[in-house]
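# Notes for the structure review
Residue-level listing of the chains:
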Amino acid sequence: MATIGNKEKTEIIETHRIHNKDTGSSEVQIAILTERINHLIEHLKRNKKDHHTRRGLLKLVGRRRKFEAYLKRTNRESYVALATKLKLKIKD
């Protein structure tokens, strides 16, 4: 699994949190997973035969998809705003 530094993670949490102590809302989780996914994509562009990392990437994408489905089901406006902010495809 790709790791992002504490500094980057803190910045992501600060930009996507709902309230001051929010670290685990769906919006924050989706943003963190998106950053990790983007990092892995760049790694796989350089290392095409790294199948272990590719499997980890697919697991992260699946986890993010579940968070997106939950957020879309519970708070559609927040989902659309987050998807446009992170440049994700909006699934209807």
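Treat the numbers as computed from the prediction; the structure is a model and nothing was measured. (Residues numbered from 1 in each chain as written. Predicted model: local features only at pLDDT ≥ 70, side-chain atom pairs only at ≥ 80, totals over all residues. Heavy atoms only, no water.)

## Let's talk about the overall build of the protein chain
To keep it simple, the criterion reads: Only DSSP runs of H or I with at least four residues qualify as helices, and only runs of E with at least two residues qualify as strands; both kinds are numbered from the N terminus onward. Classification of residues uses two cut-offs on accessible area relative to the type maximum, computed with a 1.4 Å probe and protein chains only: under 20% is buried, over 50% is exposed, and between them is partly exposed. Here, residues are in contact when the closest pair of their heavy atoms is within 4.5 Å. Methods summary: accessible areas were calculated by the Shrake-Rupley approach with a probe of 1.4 Å, and residue burial reflects only the protein chains presented.
Regarding its fold elements, the protein chain presents four helices and zero strands. Along the protein chain, helices (α) and strands (β) appear in the sequence α-α-α-α when read from the amino end. Projecting the C-alpha coordinates of the protein chain onto the three principal axes gives extents of approximately 40 × 35 × 15 Å. In the protein chain, buried positions account for 35% of the 92 residues. Long-range pairs, those at least 24 residues apart, make up 46% of the contacts in the protein chain with a sequence separation of at least 6. With the model as given, the accessible surface of the protein chain reaches about 6600 Å², and the carbon-plus-sulfur share is 52%.

## Some remarks on the nonpolar core
As a reminder of what qualifies: Nonpolar core, defined: a set of buried Ala, Val, Leu, Ile, Met, Phe, Trp, Tyr and Cys residues in which side-chain atoms within 4.5 Å join the residues together.
Counting 13 residues, the largest nonpolar core has Ile 12, Ile 30, Ile 32, Leu 71, Leu 82, Leu 86 and Leu 88 as its most contacted members. Looking at this core, the elements with two or more residues in it are α1 (6-16), α2 (26-46) and α4 (76-86). Beyond its immediate sequence surroundings of up to four residues, Ile 32 is in contact with Ile 4, Lys 9, Ile 12 and Ile 13. Residues Ile 37, Leu 40, Leu 44 and Leu 57 belong to the second largest nonpolar core, which totals six residues.

## Structural notes on a negative patch on the surface
Stated precisely, the cut-off is as follows: Note that patches include only residues with greater than 30% relative accessible area and no salt bridge, and the join distances are 9 Å for like charges and 5 Å for nonpolar side chains (Val, Leu, Ile, Met, Phe, Trp, Tyr). Any Lys or Arg side-chain nitrogen located within 4 Å of an Asp or Glu carboxyl oxygen qualifies as a salt bridge. The charged-residue count follows a simple rule in which Lys and Arg add positive charge and Asp and Glu add negative charge, with His and chain termini not counted at all. In plain terms, the charge of a residue is placed at NZ if it is Lys, CZ if Arg, CG if Asp and CD if Glu.
Side chains of Glu 8, Glu 11, Glu 14 and Glu 35 sit close together on the surface and give a patch of like negative charge. Counting residues per element, the negative patch draws most heavily on α1, at three residues. On the secondary structure map, Glu 11 appears in helix α1.

## Looking at the environment of Val 80
In this fold, Val 80 is placed in helix α4. Residue classification places Val 80 among the partly exposed positions, given a relative accessible area of 29%. For the pair Val 80 and Asp 92, spaced twelve residues apart in the sequence, the C-alpha separation amounts to 10 Å.

## Regarding the packing of α2 against α4
Let me state the cut-off plainly: Geometry is summarised by axes, namely lines fitted to C-alpha atoms with helices restricted to the contacting stretch, and by angles between N-to-C directions that run from 0 to 180 degrees. For classification, angles of less than 35 degrees are called roughly parallel, those exceeding 145 degrees roughly antiparallel, those between 65 and 115 degrees roughly perpendicular, and all remaining angles oblique. A crossing counts as left-handed when the near helix is turned anticlockwise from the far one by less than a right angle, and as right-handed when that turn is clockwise. Each residue is assigned to one class: nonpolar for Ala, Val, Leu, Ile, Met, Phe, Trp, Tyr, Cys and Pro, charged for Asp, Glu, Lys and Arg, and polar for all the others, Gly among them.
The N-to-C vectors of α2 and α4 enclose an angle of 25 degrees; their axes lie 11 Å apart at closest approach. Accordingly, the angle class assigned to the pair α2 and α4 is roughly parallel. Considering the relative orientation of α2 and α4, their crossing is right-handed. Every residue of α4 that contacts α2 at Glu 27, Ile 30, Ala 31 and Thr 34 is listed here: Ser 78, Leu 82 and Leu 86. For the contact of α2 with α4, the class distribution of residues is four nonpolar, two polar and one charged.

## Some points on unusual backbone geometry
Here the phi dihedral of Lys 87 falls at roughly 60 degrees; this positive angle occurs in a residue that is not glycine. Structurally, Lys 87 is set in the segment after α4. The class for Lys 87 is exposed, based on a relative accessible area of 77%.

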